[in-house]
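Here is what each chain is made of, one letter per residue.
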Amino acid sequence: MSWNKNNFGLPFLPGNSFRDITKAHFHRPQTLVYQDGFNLAYHPTVGIGGEPLLLEQYITHGEIDFDFDAPQIDDLALDLSSYHRPQTLVYRDGLNVAHRPPFRSGVKPILSKKLGPRDKYEFSFKPPNIRHSQDSFVGGFSPDYTPGYINNDKVLRFFAYFKEDCQYSAKEVYCVRPVVLYYYLLDNTMEMFEPSVTNSGMLQGKRIKRHRFPKNEQGDHYVWKDLNLGIDLEVYGVMYHITQCDAFTEKFLEREGVILNDPELMPVDPYTKRREFHPPCHTTPSCFDRRGKFLAMEGKVLQFFAMWEINDDGNVPVLIKYYLVDDSVEIREIPAHSTRRDACQYFRRQRMYKKLKEKPFPRCVLEVSDEDVEEYYTPVDFQLGQRITLWSKNFFLYDCNAFTREYYQYNYPRMKMTPIEMPMAVIKEVHPDRKKLPEIPPYNGYGSLEDSLQNCLCLIPKPPRKNVLKMLENDHKVLHYSARLDSQYLEDHGRCFLLSYHLSTDTISIFEWPIPNSGIISGKFLKKTRILKPDSTMEKPEYYSPADFAIGATIEIFSHHFVLTNAARFVLTYLESMASQIPARTLDSLRQKMGVQTTDN
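The model shown is predicted, which means the values in this text are computed figures rather than measured ones. (Residues numbered from 1 in each chain as written. Predicted model: local features only at pLDDT ≥ 70, side-chain atom pairs only at ≥ 80, totals over all residues. Heavy atoms only, no water.)

Caption draft 1: Looking closely at the overall build of the protein. Across its full length, the protein holds 14 helices and 24 strands. When burial is assessed residue by residue, the protein has 30% of its 601 residues classed as buried. For the protein, the proportion of contacts with a sequence separation of at least 24, taken over those separated by at least 6, is 45%. Summed over all atoms, the accessible surface of the protein reaches about 42500 Å², with 53% contributed by carbon and sulfur. (Helix = DSSP H or I, 4+ residues; strand = E, 2+ residues; numbered from the N terminus. Buried < 20%, exposed > 50% of the residue type's maximum accessible area, 1.4 Å probe, protein only. Contact = heavy atoms within 4.5 Å. Areas by Shrake-Rupley, 256 points an atom, 1.4 Å probe, with all protein chains shown as cover.)

Printed below as a string of structure tokens:
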């Protein structure tokens with residue numbers, strides 16, 4: 001703590017010192033600095049707030065004399081602000097070197113300066129026999145000095161591998177696993193990593209954490225002099241073979257006098273090598289396009305009506321389905337018309353073999369694979385009027401559906417698919433073609449006609465099929481007409497509408513134009529809907545088309561009558577492109593409305 005010398009002649013006792021009220025700075029001086037990476041104690045030159053030290057104040061006022069034989073120096077030491085000890089151990093060229101300090105704690109002279117020649121002989125300081133510089137003291141490091149941990153902060157890298165036995169694989173005996181070995185010169189520690197391989201199924205990454213690898217059971221550890229190319233390194237019972245190293249490691253070992261062996265190539269893993277080269281195929285690969293068959297035969301099924309000949313007393317009628325997409329066969333029961341239960345499945349859908357390959361006795365097959373089958377059943381094997389054996393069961397084919405007859409007539413014209421007359425009692429009971437179709441109820445007006453029909457045909461309705469090709473060709477093509485509402489109510493007079501016919505889906509949408517102060521909500525009047533003609537029936541539905549939209553024609557939509565008053569220019573252009581399908585009355589009304597003269601083709 002700095003002390004104000006202006007005590008107005010009072011002795012330096014507690015209560016006689018006064019603080020300077022004009023003082024504005026109270027920061028303490030810096031006493032710890034860093035030099036060459038070491039934290040060194042630094043003797044302050046000024047006191048708190050930049051005031052002179054107490055010792056300098058005494059020297060300035062002439063109240064102290066550096067006479068070390070005088071007794072007041074020990075008393076003065078009690079008032080010094082610094083009591084740090086001098087530096088007695090320094091580093092030089094990476095070695096800790098002891099040297100003789102020039103002063104004691106608190107910058108007091110050492111005892112040898114206060115003793116006589118005889119006393120100096122008895123209390124002389126004997127430094128060890130180590131070479132050190134004369135400027136090896138605090139703040140006296142050479143500017144070229146570098147600590148040892150900076151020079152040795154390098155890493156040696158070696159590439160190695162080890163072989164791991166594969167005990168549970170019939171196709172490989174061992175596998176080669178490469179690793180990377182790091183040696184840290186700073187503390188002689190080592191670390192091992194294994195490069196990660198995608199989809200290898202093995203735990204890879206850091207294999208051994210950083211520490212000193214044990215060399216033997218006597219407690220020795222590996223050092224950089226023990227590492228070389230082409231040698232085996234045993235670490236924790238695993239033998240690693242070093243093959244190569246990087247350029248820095250090679251230069252370091254050669255500079256230290258180590259003779260490196262020739263580098264070796266990393267061996268190839270047998271399993272990886274076998275995966276790259278496929279075994280030669282002695283059979284000619286098939287040129288059959290399975291994808292093309294799937295696109296052409298998807299949803300096409302051959303149906304045969306047969307009798308399952310169980311015994312001589314009775315037969316069971318069954319339905320045999322042959323799926324052309326994958327040549328699979330399914331056999332189902334044909335329930336009687338009087339029952340309400342569902343038909344059971346005798347044989348699930350699968351490919352049924354016709355002939356197996358001959359193999360020497362004994363022969364035991366748990367599951368029949370393609371390698372065991374010589375020939376599968378094809379459509380050629382299903383002939384009406386003949387018996388066919390499926391899974392050791394005899395079936396007599398007597399009839400088929402219309403699609404099956406057309407398929408055989410086009411692809412196998414030599415096969416005559418003539419139905420066989422069965423007893424009338426059996427046909428009336430089980431033949432699906434003679435069953436009475438359910439009566440379709442009348443349309444109730446909810447939803448579209450196709451959706452309502454699907455609810456009548458099956459319990460879980462399926463969405464009706466759409467003409468995708470037509471949707472792609474006529475996408476974003478719309479015919480716009482202007483219309484007015486023909487109504488008997490006076491409030492509906494003057495209401496104008498925009499009628500749009502969408503060519504991609506053959507639907508009609510209506511939009512009403514707003515009329516100020518009419519009290520009628522404008523906007524969407526009808527969403528996209530297929531509209532039936534008034535004179536059409538549910539059995540033979542007829543929908544509105546562009547041929548019916550002539551200027552002045554009345555369109556009835558859900559009991560609302562709309563009169564067409566005008567049309568867009570695109571309507572006439574589109575209808576003229578297909579004039580053969582459009583009535584002349586419709587084209588003439590459009591040309592007359594737009595003022596276009598009729599051209600003779």
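Caption draft 2: Representation of the pairing of strand β17 (residues 387-390). Residues of β17 alternate between two faces, with Ile388 and Leu390 buried on one and Arg387 and Thr389 left unburied on the opposite face. Taken together, the four bridges between β17 and strand β18 (residues 393-400) define a ladder with antiparallel strand orientation. Along β18, the bridge assignment pairs isoleucine 388 with phenylalanine 395. (Pairing = 2+ DSSP bridges.)

Caption draft 3: The sheet that holds strand β11 (residues 301-309), seen in detail. As summarised here, the arrangement of the six strands in space is β14-β13-β12-β11-β18-β17, forming an open sheet in which the pairing is antiparallel. Edge positions in the sheet fall to β14 (345-350) and β17, since each has one partner strand and no second. Neighbour-to-neighbour, the strand axes of this sheet turn through a mean angle of 35°, independent of strand direction. Contacting β11 and β18, helix α9 (residues 402-411) runs over the sheet at an angle of about 110° to β11. (Axes fitted to C-alpha atoms, helices over the stretch in contact; angles between N-to-C directions.)

Caption draft 4: Structural detail: the environment of asparagine 39. Looking at where asparagine 39 falls in the secondary structure, it is placed in strand β2 (residues 38-41). Asparagine 39 gets classed as partly exposed once you look at its relative accessible area, which sits at 48%. Leaving out residues up to four positions away in the same chain, asparagine 39 has contacts with Leu32, Val33 and Tyr34.

Caption draft 5: Expanded view of the nonpolar core. Membership of the largest hydrophobic core comes to 28 residues, with the highest contact counts inside it found for Tyr481, Leu499, Ile508, Ile510, Phe549 and Ile557. Of all the elements in the fold, those that place two or more residues in this core are β19 (478-485), β20 (496-502), β21 (507-512), β23 (554-557), β24 (560-567), α13 (569-577) and α14 (584-594). Excluding residues that lie within four positions of it along the chain, phenylalanine 549 makes contacts with Tyr481, Leu499, Tyr501, Ile508, Tyr544, Ile555, Leu564 and Thr586. (Core = buried A, V, L, I, M, F, W, Y, C linked by side-chain atoms within 4.5 Å.)

Caption draft 6: Representation of the sheet that holds strand β5 (residues 155-165). Taken in spatial order, the six strands line up as β8-β7-β6-β5-β10-β9 in an open sheet, and their pairing is antiparallel. Edge strands, defined here as strands with exactly one partner in the open sheet, are β8 (205-211) and β9 (232-235). Along the sheet, successive strands turn relative to each other by an average axial angle of 30°, direction set aside. Here four bridges tie β9 to strand β10 (residues 238-245), and the two strands are oriented antiparallel to one another. Looking across to β10, one finds that valine 235 is bridged to valine 238. Sitting on the sheet, helix α6 (residues 247-255) touches β5 and β10, and the angle it makes with β5 is about 110°.

Caption draft 7: Main features of the packing of aromatic side chains. The tally for this structure, following the rule as stated, stands at 22 aromatic pairs. Through a chain of ring-to-ring contacts, three or more aromatic side chains come together here, namely Phe304, Tyr322, Tyr377, Phe382, Tyr407, Tyr408 and Tyr412. A cation over a ring is seen here: arginine 349 above tyrosine 323, with NZ or CZ 3.8 Å from the ring centre. Between arginine 530 and the ring centre of tyrosine 543, over which it is positioned, the NZ or CZ distance is 3.9 Å. (Phe/Tyr/Trp six-rings, centres within 6.5 Å; stacked < 30°, edge-to-face > 60°. Lys NZ or Arg CZ within 6 Å of the ring centre and 35° of its normal.)

Caption draft 8: How the structure looks around the packing of α13 against α14. In the contact formed by α13 and α14, the axes pass within 10 Å of each other and the chain directions differ by 145°. Here α13 and α14 pass one another in a crossing that is left-handed. Contacts between α13 and α14 involve Arg569, Val571, Leu572, Leu575 and Glu576 on the former and, on the latter, Thr586, Leu587, Leu590, Arg591 and Met594. For the contact of α13 with α14, the class distribution of residues is six nonpolar, one polar and three charged. (Left-handed = near helix turned anticlockwise from the far one by under 90°. Nonpolar A, V, L, I, M, F, W, Y, C, P; charged D, E, K, R; others polar.)

Caption draft 9: Geometry of the pattern of salt bridges. This model, assessed by the stated rule, comprises 19 salt bridges. When the shortest N-O distance is used, the salt bridge between glutamate 51 and lysine 23 registers 3.3 Å. Separated by 28 residues along the polypeptide, glutamate 51 in the loop between β2 and α1 (54-60) and lysine 23 in the segment before β1 (32-35) bring together distant segments of the chain. Note on lysine 23: relative accessible area 18%, which makes it buried. (Salt bridge = Lys/Arg side-chain N within 4 Å of Asp/Glu carboxyl O.)

Caption draft 10: View of the state of the cysteines. One pass over the full model with this rule turns up zero disulfides. Considering cysteine sulfurs only, cysteine 175 is the nearest to cysteine 166, which forms no disulfide, with 4.1 Å between them. (Disulfide = S-S within 2.5 Å.)

Caption draft 11: Quick look at unusual backbone geometry. The residue serine 392 is not glycine, and still its phi comes out positive at about 65°. The phi dihedral of asparagine 517 is positive, around 60°, even though this residue is not glycine. Residue placement: asparagine 517 occurs in the loop between β21 and β22 (523-529).

Caption draft 12: Representation of α9 within the structure. All buried positions along α9 are accounted for by Thr404, Tyr407 and Tyr408. The arc enclosing the buried residues of α9, seen along the axis, measures out at 95°, which places them on a common side. For α9, the exposed residues lying more than 90 degrees away from the buried face are Glu406, Gln409 and Tyr410. (Arc of directions from axis to C-beta.)

Caption draft 13: Looking closely at the side chain of serine 536. Looking at where serine 536 falls in the secondary structure, it is placed in the loop between β22 and β23. Only 2.8 Å separates the side chain of serine 536 from the backbone oxygen of lysine 533, close enough to count as a polar contact. Excluding residues within four positions of it along the chain, serine 536 makes contact with Pro541 and Glu542. (Polar contact = N/O pair within 3.5 Å; in protein donor to acceptor, adjacent residues only side chain to side chain.)

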